[in-house]
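# Structural overview
Listed below are the residues making up each chain.
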Amino acid sequence: MDYVYGPGKNQLFVPGPVNIPEQVIRAMNRNNEDYRSPAIPALTKTLLEDVKKIFKTTTGIPFLIPTTGTGAWESALTNTLSPGDRIVSFLIGQFSLLWIDQQKRLNFNVDVVESEWGQGANLDILESKLASDTTHTIKAICIVHNETATGVTNNLAKVRKILDDYQHPALLIVDGVSSICAIDFCMDEWGVDVAVTGSQKALSLPTGIGIVCAGPKAIEASKSARSLRVFFDWKDYLKFYKLGTYWPYTPSIQLMYGLRAALDLIFEEGLENVILRHKRLGKATRLAVEAWGLKNCTQKEEWYSDTVTAVLVPPYIDSSEIVKRAWKRYNLSLGLGLNKVAGKVFRIGHLGNLNELQLLGCLAGVEMLLKDMGYPVKLGSGVAAASAYLQNNTPLIPSRM
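Rules used throughout
- Residues numbered from 1 in each chain as written.
- Predicted model: local features only at pLDDT ≥ 70, side-chain atom pairs only at ≥ 80, totals over all residues.
- Heavy atoms only, no water.
- Phe/Tyr/Trp six-rings, centres within 6.5 Å; stacked < 30°, edge-to-face > 60°.
- Buried < 20%, exposed > 50% of the residue type's maximum accessible area, 1.4 Å probe, protein only.
- Helix = DSSP H or I, 4+ residues; strand = E, 2+ residues; numbered from the N terminus.
- Lys NZ or Arg CZ within 6 Å of the ring centre and 35° of its normal.
- Contact = heavy atoms within 4.5 Å.
- Pairing = 2+ DSSP bridges.
- Axes fitted to C-alpha atoms, helices over the stretch in contact; angles between N-to-C directions.
- Parallel < 35°, antiparallel > 145°, perpendicular 65-115°, else oblique.
- Left-handed = near helix turned anticlockwise from the far one by under 90°.
- Right-handed = clockwise from strand over helix to strand, strands pointing away.
- Core = buried A, V, L, I, M, F, W, Y, C linked by side-chain atoms within 4.5 Å.

## Remarks on the packing of aromatic side chains
- Enumeration according to the criterion identifies twelve aromatic pairs in this entry.
- When the centroid spacing of 5.2 Å and the interplanar angle of 80 degrees are considered together, the rings of Phe-231 and Phe-232 count as edge-to-face.
- Overall, the relative accessible area of 36% leaves Phe-231 in the partly exposed class.
- Given a relative accessible area of 13%, Phe-232 falls into the buried group.
- Taking 4.6 Å as the distance between ring centres and 10 degrees as the angle between the ring planes, the aromatic pair formed by Phe-231 and Tyr-249 counts as stacked. Of the two residues, Phe-231 is situated in the loop between helix H7 (216-222) and helix H8 (234-243) and Tyr-249 in the loop between H8 and helix H9 (253-269); the sequence distance between them amounts to 18 residues.
- Exposure remark for Tyr-249: the relative accessible area of 18% places this residue in the buried category.
- Cluster of aromatic residues (ring-pair linked, three or more members): Phe-63, Phe-231, Phe-232, Trp-234, Tyr-237, Tyr-241, Tyr-246, Trp-247 and Tyr-249.
- Positioned above the aromatic ring of Tyr-257 is the side chain of Arg-30, whose terminal nitrogen or guanidinium carbon lies 3.5 Å from the ring centre.
- One residue, Lys-53, lies across the ring of Phe-267, its end atom 5.2 Å from the ring centre.

## Quick notes on the side chain of His-145
- Here His-145 shows up in the loop between strand S5 (138-144) and strand S6 (146-147).
- Filtering out sequence-adjacent residues up to four positions away, His-145 remains in contact with Val-152, Thr-153, Asn-154, Leu-156, Val-174, Asp-175, Gly-176, Ser-179, Ile-183, Asp-184, Phe-185 and Trp-190.

## Comments concerning the sheet that holds strand S12 (residues 308-312)
- Reading across from one edge, S11-S12-S14 is the order of the three strands in this open sheet, with antiparallel pairing throughout. The open sheet has two edge strands with one neighbour each: strand S11 (295-296) and strand S14 (345-349).
- Pairing analysis gives two bridges linking S11 to S12, with the strands arranged antiparallel. Note that in S12 the partner of Asn-296 across the bridge is Val-311.

## Structural notes on the packing of helix H3 (residues 69-78) against helix H4 (residues 94-105)
- Orientation of H3 relative to H4, taken along the N-to-C sense of each, is 45 degrees, at an axis distance of 11 Å. In terms of orientation, H3 and H4 fall into the oblique class. At the point where H3 passes H4, the crossing takes the right-handed sense. Contacts from Thr-70, Trp-73, Glu-74 and Leu-77 in H3 reach Phe-95, Leu-98, Trp-99, Gln-102 and Gln-103 in H4.

## Quick notes on the sheet that holds strand S8 (residues 171-175)
- With mixed pairing, seven strands are arranged side by side in an open sheet as S2-S10-S9-S8-S5-S3-S4. At either margin of the open sheet sits one strand with a lone partner, and together these are strand S2 (61-65) and strand S4 (109-114). Taken over all neighbouring pairs, the strand axes of this sheet differ in orientation by 20 degrees on average, direction set aside.
- Relative to S8, S5 runs parallel, the two being bridged by five bridges. Looking at the pairing, Ile-143 lines up with Val-174 of S8.
- Packing against the sheet, H3 makes contact with S2, strand S3 (86-91), S5, S8, strand S9 (194-198) and strand S10 (210-214), and its axis sits at approximately 165 degrees to S9.

## A few points about the pairing of S4
- Of the pairings in the sheet, the one linking S3 to S4 comprises six bridges and is parallel in character. By the bridge assignment, Leu-91 is partnered in S4 with Glu-114.
- Once you follow S3 into H4 and on to S4, the crossover reads as right-handed.

## A word on the nonpolar core
- Within the largest apolar cluster, 95 residues are counted, with the highest numbers of intra-cluster contacts made by Phe-55, Leu-64, Ile-141 and Phe-185.
- Among the elements that line this core, the one with the most residues is H9, at nine residues.
- Apart from residues lying up to four places away in sequence, Ile-141 is in contact with Val-88, Phe-90, Leu-126, Leu-130, Val-159, Leu-163, Ala-170, Leu-171, Leu-172 and Ile-173.
- With 30 residues, the next largest nonpolar core counts Trp-292, Leu-354, Cys-362 and Ala-386 among its residues.

Here is the structure:
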């Protein structure tokens, strides 16, 4: 039973946690098992093999850590770096800010490159820093692929090209929490050394698995990294991988079965089709925003996110009141504006196991909310713009062709 009841189904359109498919819920509805029995290592082996596919890597080693994305961040940093190591890290929104805070508290020397919220990472500054770093004091570049607070997606291929142009050996460490499995992510092609994601985002699971994928260069770096780590130590995982038992401590059995079901759904649809679906939903949402006469927080098209849209509101509207009213009146959950954009934006999450008609219901709800708040929106305008686009661009469901 819901803690606070509302009729019908809650329309969950925050950019994570997201809707959980019924197939995944059913897969997790099971008793505990002995994780030392033959069944769980066999299951884990298939999960590790298949998780590599969503990162698009053949050389990376994944770790399924019972934690959140924040824990995955810490694992990525402490296994590859030593206290005092210089990191270049991009501050473009709330989640990159939080990651930078973690980097500083872990005693790294963080060289922060800050951009206006709504802009992407300033790669010109990165280029100048790499050009002047002839003694290779920079040990890692840390970048958020998709900044959920502002709806900004960074171009990782450009980051890799800059590193290669200067033949710089710094590790490329990427937060892919709200991108991987929704926005194209090519770990091997882009030379990403460590990438992290979380189960509650595009994988459409409950929170609880921080997935870290480490490439060969990162694994090698972990052998000499002096940062203190215990729970997040890759060495313990690798030891148990060799033994064929896989787990240095007790995993969540239910989440493992849920992950199996989630991956099966993704592969049944086809990963490329999943990515294209997110492109459609992102484009449709942006068309609706434009039809309402509102602006996207993201300042350039090249940075538009296909998993979340941050909508700027007029100065006379407090966006937090939109979010509150959505939940109280329409059983609709939207994302708050955070930190510098608090009260200025609300966020529409369009990621995970989600389809076109679900999105249109959300957009209709937003239109009613805007009307409630005194904004002169024409009811149906955004829905019409999104519907026209989706009607012309939505293919047949692959499994039903």
